[in-house]
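# Structural features, examined
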Amino acid sequence: MPKSRTLFGRPGETEIITVDRALAEFRAGRPVLLRDGENLALALSAELADAEIAGRLDTLAEGNARLVLSAARLRRLGAKGRSETGVLAMPAIDVARVETLALRIDARVDAPVGPANALDAAALELAGLSLVLPAIILVPVTAAQIAGEPLVEVTIAAINGYRAAQVATLAIVGRAPVPLEGAPDTEFVVFRGGEGLRDQVAIIVGKPDLAAAVPVRLHSACLTGDLFGSLKCDCGDQLRETVEWMAQNEGGILLYLDQEGRGNGISNKMRAYKLQSQGWDTYDADEVLGFDLDQRHFDFAAEMLKQLGVSSVTALTNNPLKVGAIKAAGLEVAATQRVLGRPNIHNVRYLASKRDRAGHFIDMDALMARAAPKD
């Protein structure tokens, strides 16, 4: 991304600032103006569209609007084997049709699926950054059509480069000792930037030896499991037991990352939970909503570790994706170690799905033995 300076921004931050503003507009249900060279289009989150704003966009569209959908959602709509983002023509912007195609479980494609262009792909990336459903109403416009409108304009290059730019700005903004139950010698280090919409936290337990392989867990935030002890997952168990293990074994670092619901956000996680309550597998539920197996990125987590002085890790995880991401970011993975939760009637299918569909290293026999009553 080109370096630039604004009155209130540091060099190179202009693009980050415009995407930040675009995200705020997008999450508020207002259209954002996307630019690809001379090509312009208004992008609106499909889940936030109402009849009034749809009518305004329809007037501008002149029959040329389209609905941008992810490959996962298109597969669920009947486009078998689809592996790329696609678009459906919208001669008229019909809110009921949009809702059906974006959300209805039993919906099917009702028009030919066209190929997505660069504007479409950037709009879907904006949705991912905004943590809304991956379904976008896109309206091609001219500069004359939207002259004088108070729109936030952002280039597709800025959107596509946003994640990497955020990693580059990652910085420690605060740290303090926070004694925990079972781990009194613990420090919290807060980073600004990276993934998600909030700050990221490194929890340093004890005094790990930075010259050796440091025990590290990348832990994505799970409000339901971490805070409320949900029985639908093993996240809370993994969080607390990892900290306890580190306290008893010469320390380690747990990164608490803002990636709720495998990167889909809390609202989409609750939508998926509702589908799971109706019998859907965890990954099938996500696909119904338009998400692939895992939306998370871990390059910023590796940068956090580097800033803490870590160069080699023992990865405490069952997820091969995390191991690969740490290696790809230039850190050594000297070893891996499994992190067991507690199986119960509510999460056993979830655990088996992670093993069978996402390749997690989960030994169900060992888990069940751990859950068996002790004599």
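Before going into details, it helps to say that this report is about the structure given with it. (Residues numbered from 1 in each chain as written. Predicted model: local features only at pLDDT ≥ 70, side-chain atom pairs only at ≥ 80, totals over all residues. Heavy atoms only, no water.)

## Comments concerning the overall build of the chain
- Helix and strand content of the chain: 16 helices and 14 strands.
- A compact globule built from 375 residues would reach a C-alpha radius of gyration of about 21 Å, and the chain, at 22 Å, matches this within 12%.
- Each of the three principal axes of the chain carries a C-alpha extent, and together these read 70 × 50 × 30 Å.
- Looking at the chain as a whole, 49% of its 375 residues qualify as buried.
- Long-range contacts, defined here as pairs at least 24 residues apart, represent 65% of the contacts in the chain between residues at least 6 apart. (Helix = DSSP H or I, 4+ residues; strand = E, 2+ residues; numbered from the N terminus. Rg over C-alpha atoms; globule rule 2.2 N^0.38 Å. Buried < 20%, exposed > 50% of the residue type's maximum accessible area, 1.4 Å probe, protein only. Contact = heavy atoms within 4.5 Å.)

## Details of the pairing of strand S6 (residues 135-141)
- With respect to burial, S6 is a largely interior element, 6 of its 7 residues being buried.
- For strand S2 (residues 39-45) and S6, the ladder comprises 6 bridges, and the chain directions are antiparallel. Among the inter-strand pairings, alanine 41 is bridged to a residue of S6, identified as proline 140.
- The pairing of strand S3 (residues 65-69) with S6 spans 4 bridges and is antiparallel. Of the residues in S6, the one forming a bridge with arginine 66 is leucine 138. (Pairing = 2+ DSSP bridges.)

## Observations regarding the packing of helix H1 (residues 14-27) against helix H5 (residues 118-130)
- Where H1 contacts H5, the two axes come as close as 10 Å, and the packing angle between them is 80°. Taken together, the axes of H1 and H5 are roughly perpendicular relative to one another. Counting all contacts with H1, which are made through Val19, Ala22, Leu23, Phe26 and Arg27, the residues of H5 involved are Leu126, Ala127, Leu129 and Ser130.
- Along the lines of polarity and charge, the residues of the contact of H1 with H5 split into 7 nonpolar, 1 polar and 1 charged. (Axes fitted to C-alpha atoms, helices over the stretch in contact; angles between N-to-C directions. Parallel < 35°, antiparallel > 145°, perpendicular 65-115°, else oblique. Nonpolar A, V, L, I, M, F, W, Y, C, P; charged D, E, K, R; others polar.)

## A short note on the environment of alanine 65
- Here alanine 65 lies in strand S3.
- Separated by 74 residues in sequence, alanine 65 and valine 139 place their C-alpha atoms 4.6 Å apart.
- In contact with alanine 65, not counting residues within four places along its chain, are Leu88, Ala89, Met90, Ile93, Leu138 and Val139.

## A look at a nonpolar patch on the surface
- A cluster of nonpolar side chains, contributed by Leu223, Leu227, Phe228, Ile266 and Met270, occupies part of the molecular surface with about 500 Å² of accessible area.
- Mapped onto the nonpolar patch, the elements with two or more residues apiece are helix H8 (223-227) and helix H11 (266-277).
- Structurally, leucine 223 is set in helix H8.
- In this structure leucine 223 comes out as partly exposed when scored by relative accessible area, which is 38%. (Patch = residues over 30% accessible without salt bridge, like charges linked within 9 Å, V, L, I, M, F, W, Y side chains within 5 Å. Areas by Shrake-Rupley, 256 points an atom, 1.4 Å probe, with all protein chains shown as cover. Salt bridge = Lys/Arg side-chain N within 4 Å of Asp/Glu carboxyl O.)

## Section: helix H14 (residues 320-328)
- Along H14, the residues that are buried comprise Lys322, Val323, Ala325 and Ile326. Projected down its long axis, H14 carries its buried residues within an arc of 165°, all on one side.
- Of the surrounding elements, those touching the buried residues of H14 are strand S11 (214-220), strand S13 (312-316) and strand S14 (332-337).
- Positioned one or two residues after H14, glycine 330 has a phi angle of 95°, which is positive. (Arc of directions from axis to C-beta.)

## A closer look at the sheet that holds S6
- Ordered by their spatial adjacency, 7 strands build an open sheet running S5-S4-S3-S6-S2-S1-S7, and the pairing between neighbours is mixed. The open sheet has two free edges, formed respectively by strand S5 (113-115) and strand S7 (153-155), since each of these has just one partner strand. Here the average twist between neighbouring strands, direction ignored, is 35°.
- Strands S2, S3 and S6 of the sheet are contacted by helix H2 (residues 51-61), whose axis makes an angle of about 40° with S6.

## Looking at the packing of aromatic side chains
- All told, the structure shown has 0 aromatic pairs when counted by the stated rule.
- Lying across the ring of tyrosine 273, lysine 232 places its NZ or CZ 4.9 Å from the centre. (Phe/Tyr/Trp six-rings, centres within 6.5 Å; stacked < 30°, edge-to-face > 60°. Lys NZ or Arg CZ within 6 Å of the ring centre and 35° of its normal.)

## Some remarks on the sheet that holds S14
- Spatially, 7 strands are ordered S8-S9-S10-S12-S11-S13-S14 in an open sheet, and the strand pairing comes out mixed. In this open sheet, the two edge strands, each paired with only one partner strand, are strand S8 (171-177) and S14. Taking each pair of neighbouring strands and ignoring which way they run, the sheet shows an average axis angle of 25°.
- Most of the contacts of helix H9 (residues 235-248) go to S11, to which it runs at about 160°, and overall it touches strand S10 (200-205), S11, strand S12 (252-257), S13 and S14.

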